[in-house]
Amino acid sequence: MEKFVLDADRLVTTRSPQTYQTIAVAPLTPVIGAEVAGLDLSQDLSDQQLSDIKSAFLAHHVLVFRDQKLTADEHKHFASYFGELRHRQLAELDGGDPAVLPVSADKDSQFVSGEDWHCDGTADAEPSLGSMLYVTRTPEIGSGGDTLFASMHMAYEVLSPPMKEFLSGLTAIHDGLIPWQGYAPPPEYVVPKSEHPVIVRHPETGRKLLFVNAGFTSHIVQLSREESRAILDLLFSLVKSPILSCRVRWTPGTLVFWDNRCTQHHAVWDYFPHSRYGERVTINGTRPQA
Ligand code: SIN
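Residues numbered from 1 in each chain as written. Predicted model: local features only at pLDDT ≥ 70, side-chain atom pairs only at ≥ 80, totals over all residues. Heavy atoms only, no water.

> I keep staring at the sheet that holds strand E7 (residues 171-175) and nothing clicks. Help me out?
Whenever strands of a sheet pair, they do so through backbone hydrogen bonds, lying parallel or antiparallel. Overall, antiparallel pairing links the 3 strands, which are arranged E8-E7-E11 in an open sheet. Two strands lie at the open edges of the sheet, namely strand E8 (193-197) and strand E11 (217-220), each paired on one side alone. Across the sheet, the mean angle from the axis of one strand to that of its neighbour is 25°, orientation sign disregarded. With 5 bridges connecting them, E7 and E8 associate as antiparallel partners. Note that in E8 the partner of Thr-171 across the bridge is Pro-197. (Pairing = 2+ DSSP bridges. Helix = DSSP H or I, 4+ residues; strand = E, 2+ residues; numbered from the N terminus. Axes fitted to C-alpha atoms, helices over the stretch in contact; angles between N-to-C directions.)

> Is there a simple way to explain the site of the ligand in this structure?
Taken together, the neighbourhood of the ligand is formed by Val-103, Ser-113, Gly-114, His-118, Leu-133, Thr-147, Trp-258, His-265, Ala-267, Arg-276 and Arg-280. Within the side chain of Arg-276, an N or O atom sits 2.8 Å from an oxygen atom of the ligand. Bound to the protein, the ligand loses 98% of the 260 Å² it would expose on its own. Looking at the shell around the ligand, the elements with two or more residues in it are strand E14 (263-267) and strand E15 (276-283). Residues that form the shell around the ligand fall into these classes: 4 nonpolar, 5 polar and 2 charged. (Near = heavy atom within 4 Å. Polar contact = N/O pair within 3.5 Å; in protein donor to acceptor, adjacent residues only side chain to side chain. Areas by Shrake-Rupley, 256 points an atom, 1.4 Å probe, with all protein chains shown as cover. Nonpolar A, V, L, I, M, F, W, Y, C, P; charged D, E, K, R; others polar.)

> Sorry if this is basic, but what is going on with helix H1 (residues 47-60) here?
Three- or four-residue spacings in an α-helix give side chains the same orientation, since the helix completes a turn every 3.6 residues. Between its first and last C-alpha, H1 extends 20 Å over 14 residues, near the 20 Å set by a 1.5 Å rise per residue. Contact partners of the buried residues in H1: strand E1 (24-27), strand E2 (34-37), strand E3 (62-65), helix H2 (72-79) and strand E13 (254-259). A positive phi of about 70° marks His-61, the residue just after H1. (Expected span 1.5 Å × (residues − 1). Contact = heavy atoms within 4.5 Å.)

> Quick question: what am I supposed to make of the pairing of E2 here?
Regular strands place their side chains on alternate faces of the sheet. Every second residue of E2 is oriented toward a common face, the buried set being Ala-34 and Val-36 and the non-buried set Glu-35 and Ala-37. As judged from the 4 bridges shared by E1 and E2, these two strands associate in the antiparallel manner. Within E2, the residue paired with Val-25 across the bridge is Val-36. Where E1 hands over to E2, the hairpin turn is made up of 6 residues, of which Gly-33 adopts a positive phi near 90°. Of the strand pairs in this sheet, E2 and E3 are connected by 3 bridges, and their pairing is parallel. If you follow Ala-34 over to E3, its bridge partner there is Leu-63. Viewed along the sheet, the connection from E2 through H1 into E3 turns out right-handed. (Buried < 20%, exposed > 50% of the residue type's maximum accessible area, 1.4 Å probe, protein only. Right-handed = clockwise from strand over helix to strand, strands pointing away.)

Written as structure tokens, this is what we have:
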């Protein structure tokens, strides 16, 4: 990874801290992530609270709210301030709430969701705006089960100018079969597949970012298979660079809200056979644009 250390002419520019009227925001790193204090998410938000949260979300991409006590309806109510809630395609099969995805692992788990670096649902034509994961149970051993989040703005910004130029204008296929890792999805599942630009702009800030991820991206359309594999492997390994990421350590009652349009995440499964439980609510997004 050393080759991605920035050259002097491409130093990371950190932004000045913003001021907020209703919340306290403590950045986790200068690049990504912040802890937000001063809110009870089970209550209705005032316009000023909502405006402060939205500003912090665009500035830090991942917001961590501690010590919350939420029912599923309160969780959904908080998420609905930011857009329409996404319904899970397979919810009818498990009979659960279509807007709430249980995220669970224990001694019987064969795998956990989100164990590799990925962005959620990019095989969809309109991937999500973001998700809120509310964790109520953390591993009994007292540690483990952290989640890493990486900034795809920074992943773009650390690229050299010729590489940025090369990637802009390319498109990639995002294939919904990849996460099934060789298992057959249920016959009811309509496997999504979409083509998105490799470099896109954040729909609200206009800031550029790298938009390929190991969880869904199969190949770059304009390159040969071999070229595509080599470039994607390079970009996927760049995402693991520590300068891009923050690490969230969960405590019971923590809700994390991430911007799925400009981040990737990785759930660390280092606590087997212990258990962890949370529920994720996802907000609809729009088609990524170059
Ligand atoms: C996910 O949404 O990918 C799961 C994240 C986590 O369990 O921390």
